[in-house]
Amino acid sequence: MADWLNTAFQSFDYALLEFGHNLHNNAGGFFDGFMKFITVFGDGGIILILLSLCLIAFKKTRKIGITMLGAIAIGAIITNITIKPLVARPRPFADQSSVYYTWWKAVGAVQESEFSFPSGHSTASMAAMMAFFLAGNKKYSWTGFILALLIGFSRIYLCVHYPSDVLFGFIVGIIAGSLSYLIVWLAYKYLKNTKLGDILYDKDVITLYNFVRNKYFNKNKTVSESVSNASANENNVALESDSAVLNDNQNNKDSSCNIDKNNVLESQNAEDDAKNIENVVVDTKNIE
């Protein structure tokens, strides 16, 4: 397969690689640093993944971020995991006797590992930008393709990929971005008004963080809080029972005091009545 690609795309690959080398010569290496900077955006798809996660964090851009992240994952599965090992095409600079090796050395000899076909940078960048275009506002989202094209051209300029590698990387990226958009669209449609859909699509980043923290990381804390709450409730019950006992004792004391006071008053009234009777008797005697 690798030999067939080298033969079938020989003229195409040579023409564009020569164009990149002539641009380097005519500009005196002016674009070397810029191309090395641009190509970093596709390294392992890390920056594009971080960008996707940032978009996922906010409710208004979450659909775009999920679509981009899915596109990058699908593109990596197709390109890096499946096609590259099967085709096993060496990079242009692998043959030190070729002119491509000389051109690669001239622009800085950027080191790359693994195989060449298709371009992983081109796949990741086009997949992410295709997803960004489809899920975003098309009035502005088309500008993402500029970044993808620049990343792809930087791979040719630095002579680390054949142009045919970049071309097929773009094709895989377009497919990956479209598949991801379709999957996310279906998910939004069928998970609407469900608990999972509410968690993924309608909550802001703070709510999502609190949900994940409470569900998966605060289990031990929740158990300890439950135990402490239970012990606190037991203490409250004990205190309430003690206070009830004290109130009963106090009520009993008050009742006994009231009884004693009533008895004293009754005895005093009885004595007064007896004295009054005696005075009446004395008065009747005096009258007689």
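Here we summarise the structure given alongside this text. (Residues numbered from 1 in each chain as written. Predicted model: local features only at pLDDT ≥ 70, side-chain atom pairs only at ≥ 80, totals over all residues. Heavy atoms only, no water.)

Points about the packing of helix 9 (residues 144-157) against helix 10 (residues 163-190)
Part 1 of the argument: Following both chains from N to C, one finds helix 9 and helix 10 inclined at 155°, their axes separated by 9 Å at the closest point. In terms of axis orientation, helix 9 runs roughly antiparallel to helix 10. Between helix 9 and helix 10 lies a crossing whose hand is right-handed. Contacts from Ala 148, Leu 149, Gly 152, Arg 155 and Ile 156 in helix 9 reach Pro 163, Val 166 and Phe 170 in helix 10. (Axes fitted to C-alpha atoms, helices over the stretch in contact; angles between N-to-C directions. Helix = DSSP H or I, 4+ residues; strand = E, 2+ residues; numbered from the N terminus. Parallel < 35°, antiparallel > 145°, perpendicular 65-115°, else oblique. Left-handed = near helix turned anticlockwise from the far one by under 90°. Contact = heavy atoms within 4.5 Å.)

Digging into the packing of helix 5 (residues 62-87) against helix 7 (residues 120-135)
Part 1 of the argument: The contact between helix 5 and helix 7 brings their axes to 8 Å, and the two run at 150°. The angle between the axes of helix 5 and helix 7 places the two elements in the roughly antiparallel class. The two elements helix 5 and helix 7 meet at a crossing, and its hand is right-handed. Across the interface between the two elements, Lys 63, Ile 64, Thr 67, Met 68, Ala 71, Ile 72, Gly 75, Thr 79, Asn 80 and Lys 84 of helix 5 pack against Gly 120, Thr 123, Ala 124, Ala 127, Ala 128, Met 129, Ala 131, Phe 132 and Ala 135 of helix 7.

What about a nonpolar patch on the surface?
Part 1 of the argument: There is a patch of nonpolar side chains on the surface, built from Phe 12, Leu 16, Phe 19, Leu 167, Ile 171, Ile 175, Leu 179 and Ile 183 and spanning about 680 Å² of accessible area.
Part 2 of the argument: Among the secondary structure elements, those contributing two or more residues to the nonpolar patch are helix 2 (10-26) and helix 10.
Part 3 of the argument: Per-element tally for the nonpolar patch: the top contributor is helix 10, with five residues.
Part 4 of the argument: With respect to the helices, strands and loops of the structure, Phe 12 is situated in helix 2.
Part 5 of the argument: Owing to a relative accessible area of 36%, Phe 12 belongs among the partly exposed residues under this scheme. (Patch = residues over 30% accessible without salt bridge, like charges linked within 9 Å, V, L, I, M, F, W, Y side chains within 5 Å. Areas by Shrake-Rupley, 256 points an atom, 1.4 Å probe, with all protein chains shown as cover. Salt bridge = Lys/Arg side-chain N within 4 Å of Asp/Glu carboxyl O. Buried < 20%, exposed > 50% of the residue type's maximum accessible area, 1.4 Å probe, protein only.)

Focus: the pattern of salt bridges
Part 1 of the argument: Under the criterion given, the structure shown has three salt bridges.
Part 2 of the argument: Here Asp 165 and Arg 89 are joined by a salt bridge, their closest N and O atoms 2.8 Å apart. Taken together, the residues span a long stretch of sequence, with Asp 165 in helix 10 and Arg 89 in the loop between helix 5 and helix 6 (99-106) at a distance of 76 residues.
Part 3 of the argument: Take Arg 89: its relative accessible area is 0%, and that puts it in the buried class.
Part 4 of the argument: In this structure, Glu 112 and Arg 155 form a salt bridge, with 3.0 Å as the shortest nitrogen-oxygen distance. Residue Glu 112 is found in the loop between helix 6 and helix 7, and its partner Arg 155 is found in helix 9; the two are separated by 43 residues along the sequence.
Part 5 of the argument: The exposure class of Glu 112 is partly exposed, given its relative accessible area of 23%.
Part 6 of the argument: Taking the relative accessible area as the measure of exposure, Arg 155 reaches 0% and is therefore buried.

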